[in-house]
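Next come the chains, spelled out residue by residue.
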Amino acid sequence: MVKKGEWVRIKKVLLPVGERAPQDPEDTKATPLVMWTKGFLKENAEIGDEVEVVTAVGRTETGELTEVNPYYTHSYGKFVPELVEIDRRYREFLFGGDE
Amino acid sequence: MALAKDYASVMGRKGEVMKAALGMDYDEFESGSIAFDYEKMMRSTGFTLEEIERVQSLTGVGNTPLFELRNLTALARKCAKPGFGATICAKDECSNPSGSFKARRAACAVAFAKKNGYKGVIAATSGNYGAAVASQAAMQGLKCIIVQEAFDSKEVGQPEIIEKARACEALGAEVVQITVGPELFYEAISLLEDTEYFNASLYSPFGIAGIETLGYEIAMQCRERFGKDPDVVVCTNAGGGMVTGTARGLRKAGANDSKVYAASIDLTGLHMASDNQFNKKSCTTGHTGFGVPFATWPDRSDVPRSAARPLRYMDRYVTVTQGEVMCITELLATFEGIERGPAGNTALAAAFCIAQEMPEDQILVISETEYTGAGKHVQPQLDFARDNGIEVRFGNPDEDKPGVNVIIPESAKDFRVKDLDINRMRNSLIKKALTTYTLEPTEEDVKFLAEETALTVEEVKARIEEIKKAL
């Protein structure tokens, strides 16, 4: 159970398929417009429940409970060998073999 | 009774919502035809350049250093013919509180919102502007919501955009993330309606007036250091604000001979609103997907009339490739010792080529740098590209195919820019104005279109006749 007052992430369908903007390309039209936000959970609930949260600005928003204590996992990425190769090649071109 | 929130209903209320959310009535500037009073709109901020400087300095915005990029200049000279290779300088806009020049835009918008009694501000942006508005809202004591186009339908987002969401939250804002689509503005309007917050649009007069100090500072710093105005200023171009504001600031400083060039990453062929293609790009801003449509028709934004009107100010518009931008970003770090970008380095990739066309005694300035962080860095962006089936390899930039590969220039000599046809873009703007408003433009309309396209009245008249014949 996720307790009232916990910081959570919710998601909500804003526009279902069939109600999207007319100018959307076909592939986008075939998907719903989905929204995510975060806030303090208003009542005890389970993941997947429809819940109410109070967001960082104090707004009440509703949606499906997807995560508790959400956090970021983006990083500096896996090694890309081309980057050290750029340094080697361009340095050699500018400064010559022996710097 | 709750308001209907379907797409058509919300967009149908756009006019009244905007009037309340912008604190100004755009009808005041309209002529009832093609023309509107652009300069009157720009004056409507009520801020002079001096007042904007004051507002910005209160929150530590502006007065950023101008770096001379000595090793990249040397590299450009090594590739150029003898006697060529202008000195390349970078305005280190990363030094602003939120890490980009967008702090200048946000400072004025948030100050106006505060002065006019709004409780909070909303901005629809997946870029650095989000953190800028969040930062200014924190400093000036307002609430802040950032609406971000963040994910494809599988909830996969570009690392660059995820980092920008993190930054906004870290600065106290609520971040509302949505899946790809032009409905970004629909959701922003809906939130403006519910909260009665101020619309801190990138395209309002505040959003543009705030950049004028940047152009002004560039002129002053060049005079101080080199004893003359910059010969060329290269601006990364997406929505057109940077080009417009910088050029206006240069003019206010009297730097009338400085040329202003726009540069975008070429993403031709990728549809910006496509769910499938959303994660096939490896840079999420500074590209032609925004740059070209906003230049040829600025009034497609979230305000009735955009204050960003880049065709009025650009002397040249060039494109570079994603691979060139990634490569120059790596070189900026290892050759110059400053980790910045990548997207903001679009102008730098272009400048590296353009400097080679200019004599050694000339000065070329790129108008911005931006902060680098987890996700927002060459390595995660190239790694993400690979994970999404994009081929990353060394080669000739001519082999570049957006959405298919990222080609890192084999050598410094392989960098090149491609010129976009500004004349065609001017015709496109005139045609759109005629078909949107009237085929029988007034004298005032013709004069307005001349200002919009930086052409003479006679040239505009001739083009109108040609366009009408072809319709």
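## Points about the interface of chain A and chain B
Okay, step 1: Taken together, the contact pairs 44 residues of chain A with 69 residues of chain B.
Okay, step 2: Taken together, the connections running from chain A to chain B amount to 8 salt bridges.
Okay, step 3: Linking Glu-174 of chain B and Arg-59 of chain A is a salt bridge whose minimum nitrogen-to-oxygen distance equals 2.6 Å.
Okay, step 4: Between the two partners, chain A and chain B, sit 32 residue pairs in polar contact (both at pLDDT 80 or more).
Okay, step 5: Looking at the side of chain A that touches chain B, the elements with two or more residues in it are strand E1 (7–15), helix H1 (26–29), strand E2 (33–41) and helix H2 (81–95) of chain A.
Okay, step 6: By residue class, the composition of the side of chain A that touches chain B is 23 nonpolar, 8 polar and 13 charged.
Okay, step 7: Examined bridge by bridge, E2 of chain A and strand E5 (residues 174–179) of chain B share 2 bridges and lie antiparallel to one another. Following the sheet pairing, Trp-36 of chain A is matched in E5 of chain B by Gln-177 of chain B.

## Looking at the side chain of Thr-346 of chain B
All names here are of chain B.
Okay, step 1: Locating Thr-346 in the fold gives a position in helix H14 (residues 346–357).
Okay, step 2: Looking at Thr-346, its side chain comes within polar contact range of the main-chain oxygen of Ala-343, at 2.6 Å.
Okay, step 3: In contact with Thr-346, not counting residues within four places along its chain, are Thr-236, Ala-263, Ser-264, Ile-265, Gly-286, Val-320 and Val-325.

## Comments concerning the layout of surface pockets
Okay, step 1: Taken as a whole, the second largest pocket spans an internal volume of roughly 460 Å³.
Okay, step 2: Lining the second largest pocket are 21 residues, and of these Tyr-72, Thr-73 and His-74 of chain A together with Phe-151 and Ile-162 of chain B sit closest to its centre.
Okay, step 3: Those elements giving two or more residues to the lining of the second largest pocket turn out to be helix H8 (159–170) and helix H15 (378–387) of chain B.
Okay, step 4: Per-element accounting of the lining of the second largest pocket gives the leading share, 4 residues, to H15 of chain B.
Okay, step 5: Across the lining of the second largest pocket, the residue classes tally to 8 nonpolar, 6 polar and 7 charged.

## Some details on the nonpolar core
Okay, step 1: The biggest cluster of nonpolar side chains holds 111 residues, and the ones touching the most others in it are Val-121, Tyr-129, Val-133, Val-147, Phe-198 and Leu-449 of chain B.
Okay, step 2: Core analysis: the next-biggest nonpolar cluster, separate from the first, contains 55 residues, Ala-263, Val-325, Val-406 and Ala-412 of chain B among them.

Thresholds applied
Residues numbered from 1 in each chain as written. Chains lettered and ligands numbered in written order. Predicted model: local features only at pLDDT ≥ 70, side-chain atom pairs only at ≥ 80, totals over all residues. Heavy atoms only, no water. Contact = heavy atoms within 4.5 Å. Salt bridge = Lys/Arg side-chain N within 4 Å of Asp/Glu carboxyl O. Polar contact = N/O pair within 3.5 Å; in protein donor to acceptor, adjacent residues only side chain to side chain. Helix = DSSP H or I, 4+ residues; strand = E, 2+ residues; numbered from the N terminus. Nonpolar A, V, L, I, M, F, W, Y, C, P; charged D, E, K, R; others polar. Pairing = 2+ DSSP bridges. 1 Å grid on protein atoms, 1.4 Å probe; cavity = no way out; pocket = protein on both sides within 12 Å on 5 of 7 lines; lining within 4 Å. Points joined across faces, edges and corners; volume = space filled by probe spheres on them. Core = buried A, V, L, I, M, F, W, Y, C linked by side-chain atoms within 4.5 Å. Buried < 20%, exposed > 50% of the residue type's maximum accessible area, 1.4 Å probe, protein only.

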